[in-house]
Amino acid sequence: MSARQAEEEPAAAAHPPLPRLLSAFFYGTCSFLIVLVNKTVLTTYRFPSPMVLGIGQMATTILILYVSKLNKIIHFPDFDKSIPVKLFPLPLLYVGNHISGLTSTSKLSLPMFTVLRKFTIPLTLLLEIIILGKRYSLGIIVSVFTIILGAFIAAGSDLSFNLEGYTFVLLNDIFTAANGVYTKQKMDPKELGKYGVLFYNAYFMVIPTMIISFSTGDLQQVTDFKHWTNLLFLFQFLLSCFLGFLLMYSTVLCSHYNSALTTSVVGAIKNISIAYIGMLIGGDYIFSILNFIGLNICMAGGLRYSFLTLRDNNKPKQPTDVENTS
């Protein structure tokens, strides 16, 4: 570890273990639930616009945070002209992550969605090395290559191959990795803080996203959607909007108390259960032996990676590390 790395070591180490554990569990739970609910809304009910669902989640985030600020439950700075500069490029990464994630969920079976989402891990690792100056052990790097190998085997034998779905999920991986690393970098409590990051991300992007949705005809399709009178669909749509807020909040909270990489590890662990549950629900997974083998290789690499990362993050830092590896 270099002297620069030592200075940039995440503040997560300063937080007590319980908040770190609870924030990671909260993020994993929210992430697990929203994938299942979004899959039902977009695939089972065939809701025509992932973008409009994303707008609903952004609007819910703005409303909850603004009302909480008015009632002095939370605090974040009032708008001024310096905020867009402080926040950039997070709003673009935020909306890209949001829309690409919802679109890929609607286009892919849950097992394949889960496997391809694991490319977030090597991307996050690479960005943390470049932006935050971190280093990782050989065991973690081998685990990452195992994840990639399994993902390629599974993707190469995917009988329900969907080019649009693959494109959006890989874009989602890029946006998720960049969003996690930059969120960690921008969350200075003396600046915007975690609530300010959440609020202004949604605030800056909800109107442009609505304009795009209107210009592409998405809003018209949603207006004509036949299930608006179905109370069960309506409940799940509103639940997805609320879970969208909880997911964004839990992601920021987990990154605040831990690190961007730990957040991606929790997501990897959650994805294992999602993949196997997805073989039974959704109705769009087509079984093949090679695909199933690839899924399991990817999951095994994800488990080993998660174990090694959490073990390394909890190792006491030796003072000599700076001298020996700089």
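Residues numbered from 1 in each chain as written. Predicted model: local features only at pLDDT ≥ 70, side-chain atom pairs only at ≥ 80, totals over all residues. Heavy atoms only, no water.

## Details of the pattern of salt bridges
In total, this model carries one salt bridge according to the counting rule given. With a shortest N-O distance of 3.2 Å, D78 and K69 are connected by a salt bridge. D78 gets classed as exposed once you look at its relative accessible area, which sits at 55%. (Salt bridge = Lys/Arg side-chain N within 4 Å of Asp/Glu carboxyl O. Buried < 20%, exposed > 50% of the residue type's maximum accessible area, 1.4 Å probe, protein only.)

## Focus on the packing of aromatic side chains
Describing an aromatic ring pair means giving the distance of the ring centres and the angle of the ring planes. Under the criterion given, the structure shown has 23 aromatic pairs. Measuring from ring centre to ring centre gives 6.0 Å for F79 and F204, while their planes differ by 70°; the resulting arrangement is edge-to-face. Linking F79 in the loop between α3 (50-70) and α4 (83-87) with F204 in helix α10 (residues 193-215), this pair joins segments that are 125 residues apart in sequence. Their ring planes at 85° and their centres at 6.1 Å tell us that F225 and W228 sit as a pair that is edge-to-face. On the accessibility criterion, W228 (28% relative accessible area) is partly exposed. Joined through ring pairs, the aromatic side chains of Y45, F47, F225, W228, F233 and F237 make up one cluster. Above the plane of the ring of F76 lies K69, whose end atom (NZ or CZ) is 4.8 Å from the centre. (Phe/Tyr/Trp six-rings, centres within 6.5 Å; stacked < 30°, edge-to-face > 60°. Helix = DSSP H or I, 4+ residues; strand = E, 2+ residues; numbered from the N terminus. Lys NZ or Arg CZ within 6 Å of the ring centre and 35° of its normal.)

## Quick word on the environment of R117
Here R117 lies in helix α6 (residues 110-117). Under the relative-accessibility criterion, R117 is labelled buried at 17%. Separated by 54 residues in sequence, R117 and L171 have C-alpha atoms that sit 9.7 Å apart.

## Looking at α3
Here α3 contains 21 residues, and its C-alpha end-to-end distance of 30 Å stays within 8% of the 30 Å for a straight helix at 1.5 Å per residue. In terms of residue burial, α3 counts as a mostly covered element, since 15 of its 21 residues are buried. Trailing α3 by a residue or two, K72 shows a phi angle of about 60°, which is positive. (Expected span 1.5 Å × (residues − 1).)

## Considering a nonpolar patch on the surface
Side chains of L138, I141, V142 and F145 sit close together on the surface and give an oily, nonpolar patch of about 400 Å² of accessible area. Summarising the element assignment, F145 is placed in helix α8 (residues 138-156). The class of F145 is exposed, set by a relative accessible area of 56%. (Patch = residues over 30% accessible without salt bridge, like charges linked within 9 Å, V, L, I, M, F, W, Y side chains within 5 Å. Areas by Shrake-Rupley, 256 points an atom, 1.4 Å probe, with all protein chains shown as cover.)

## Regarding the packing of α3 against helix α12 (residues 231-257)
For the pair α3 and α12, the least separation of the axes is 8 Å and the interaxial angle reads 60°. With respect to their mutual orientation, α3 and α12 come out oblique. α3 and α12 meet at a crossing whose hand is right-handed. Touching L53, G56, Q57, T60, T61, I64 and L65 of α3 are F237, S240, C241, F242, G244, F245 and M248, all from α12. Grouping the constituent residues of the contact of α3 with α12 by class yields eight nonpolar, six polar and no charged. (Axes fitted to C-alpha atoms, helices over the stretch in contact; angles between N-to-C directions. Parallel < 35°, antiparallel > 145°, perpendicular 65-115°, else oblique. Left-handed = near helix turned anticlockwise from the far one by under 90°. Contact = heavy atoms within 4.5 Å. Nonpolar A, V, L, I, M, F, W, Y, C, P; charged D, E, K, R; others polar.)

In short, geometric facts, not functional conclusions.
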